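These are the residues of each chain, in order.
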Amino acid sequence: MSLHKSESVSVIIPAYNGRKYICQAIKSVLDQTLSPSDFEVIVVDTKSTDDTPHIVRSMFKDKVKVIITEKRGWRSFGLNVGIRKSVGQYLSFLDQDDIYFPWKLQKQLEFMRKNPEVGMVYGPFKTATGENLEAETLENPPEFNFKSLLKKCFIPSCSVMVKRKLVLELGGFDENILGCDDWDMWIRLARICEIKKL
């Protein structure tokens, strides 16, 4: 899958031993209402010991770009590798055991195109559990407030769309932070751009 449009989205999926759920995660991206010509899917496998890369390649062929890193790294490492390899003007992130709403990319991209002053947007998301991620709970985060963000991360990475150039300007995700790398990124972004909830 290759992108040629300037206003497009790169979906980055960091993966490690993700064979159980990753196909469902990818399918939720490929089933988006947004035209396939408007987004790319990049899976970054950080040295899985299972057959995650083979499963993704065999099931999705050229619909997904698979990158296998030369070293094992944390989630933030995988995200940064994907960001550097991406070509979209906007970035969205998805963990290997999460799924998107079907309208997620289209709704957020339309908003970003109409509101160029906004650097990042987020919104409702699904918490999926169970053997096949079949039990879904709708989560609706609060409106954006910087002081509240300093106290608690209420923006999950799967609900975000952000301008790629801003993430690169900040040097990507901090690979020295384990578990809260997305929270750190949102705080840094909030200092340089406008963040909105849809």
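Below is a summary of the structure that appears in this document. Everything numeric in this text was worked out from a predicted model, so none of it was measured.

### Thoughts on empty space enclosed by the protein
In this approach, a probe sized like a water molecule rolls over the atoms, and the result shows the empty space that is left. For the structure shown, the criterion picks out 2 cavities of 30 Å³ or more. In this structure, the largest cavity encloses a volume near 50 Å³. Taken together, Trp103, Lys104, Lys107, Gln108, Tyr122, Gly123, Pro124, Ser159 and Leu198 form the lining of the largest cavity. Sort the elements by how many residues they give to the lining of the largest cavity and helix H4 (residues 104-114) lands first, with 3 residues. Looking at the lining of the largest cavity residue by residue, the class counts come to 4 nonpolar, 3 polar and 2 charged. Class assignment for the residues of the lining of the second largest cavity results in 6 nonpolar, no polar and 2 charged.

### Quick word on the packing of aromatic side chains
Evaluated as defined, the whole model comprises 5 aromatic pairs. Taken together, a centroid distance of 6.5 Å and an interplanar angle of 55 degrees make the contact between phenylalanine 144 and phenylalanine 154 tilted. Taken as a pair, phenylalanine 144 in the loop between strand E7 (135-139) and helix H5 (146-151) and phenylalanine 154 in the loop between H5 and strand E8 (161-163) lie far apart in primary sequence, 10 residues in all. Centroid distance phenylalanine 173 to tryptophan 186: 6.3 Å. Interplanar angle 75 degrees. Geometry classified as edge-to-face. With phenylalanine 173 in the loop between helix H6 (164-169) and helix H7 (181-190) and tryptophan 186 in helix H7, this pair connects stretches of sequence that are 13 residues apart. Among the residues examined, phenylalanine 173 registers a relative accessible area of 3% and is labelled buried. A connected cluster of aromatic rings, assembled from ring pairs, spans Phe93, Phe173 and Trp186. The residue whose ring lies beneath arginine 72 is tyrosine 16, and the NZ or CZ to ring-centre distance is 3.6 Å. Its guanidinium or amino end placed over the ring of tryptophan 103, lysine 107 lies 5.0 Å from that ring's centre, counting from NZ or CZ.

### Some words on the pattern of salt bridges
The final tally for this structure, using the stated rule, is 8 salt bridges. Close ionic contact of aspartate 51 with arginine 19 constitutes a salt bridge, the shortest N to O distance being 2.7 Å. Within this pair, whereas aspartate 51 is found in the loop between strand E2 (39-45) and helix H2 (52-60), its partner arginine 19 is found in the loop between strand E1 (9-15) and helix H1 (22-30), the two being separated by 32 residues in sequence. When the shortest N-O distance is used, the salt bridge between glutamate 40 and lysine 65 registers 3.7 Å. One end of the pair, glutamate 40, is in strand E2; the other, lysine 65, is in strand E3 (residues 65-68), with 25 residues separating them in the sequence. In this structure, a network of salt bridges that share partners links the residues Arg75, Asp95 and Asp181.

Conventions used here
All chains use their own residue numbering, which begins from 1 and follows the written sequence. In keeping with the predicted nature of the model, local features appear solely for residues at pLDDT of at least 70, side-chain atom pairs appear and are counted solely at 80 or more, and the whole-chain, interface and lining totals rest on all residues. Only hydrogens and water are set aside; all other atoms, that is, all heavy atoms of the structure, feed into the side-chain values. A cavity here means a set of points on a 1 Å grid, drawn over the protein atoms and nothing else, where a 1.4 Å probe fits but cannot get out; a pocket is an open set with protein on both sides within 12 Å along at least five of seven lines, and a residue lines either one if it has an atom within 4 Å of a point. Grid points are joined across faces, edges and corners, and a volume is the space filled by probe spheres set on the points. By the criteria applied, helices consist of DSSP H or I runs no shorter than four residues and strands consist of E runs no shorter than two, each listed in order from the N terminus. The residue classification treats Ala, Val, Leu, Ile, Met, Phe, Trp, Tyr, Cys and Pro as nonpolar and Asp, Glu, Lys and Arg as charged. All others, Gly included, are polar. Any pair of Phe, Tyr and Trp rings, taking the six-membered ring for Trp, is counted once the centres come within 6.5 Å. Such a pair is stacked with planes under 30 degrees apart, edge-to-face with planes over 60 apart, and tilted for the rest. Throughout this description, buried means an accessible area under 20% of the type-specific maximum (1.4 Å probe, protein chains only), exposed means over 50%, and partly exposed covers the range between. Lysine NZ or arginine CZ positioned within 6 Å of the ring centre and within 35 degrees of the ring normal marks a charge as sitting over the ring. Each salt bridge in this description consists of a side-chain nitrogen of Lys or Arg and a carboxyl oxygen of Asp or Glu lying within 4 Å of one another.

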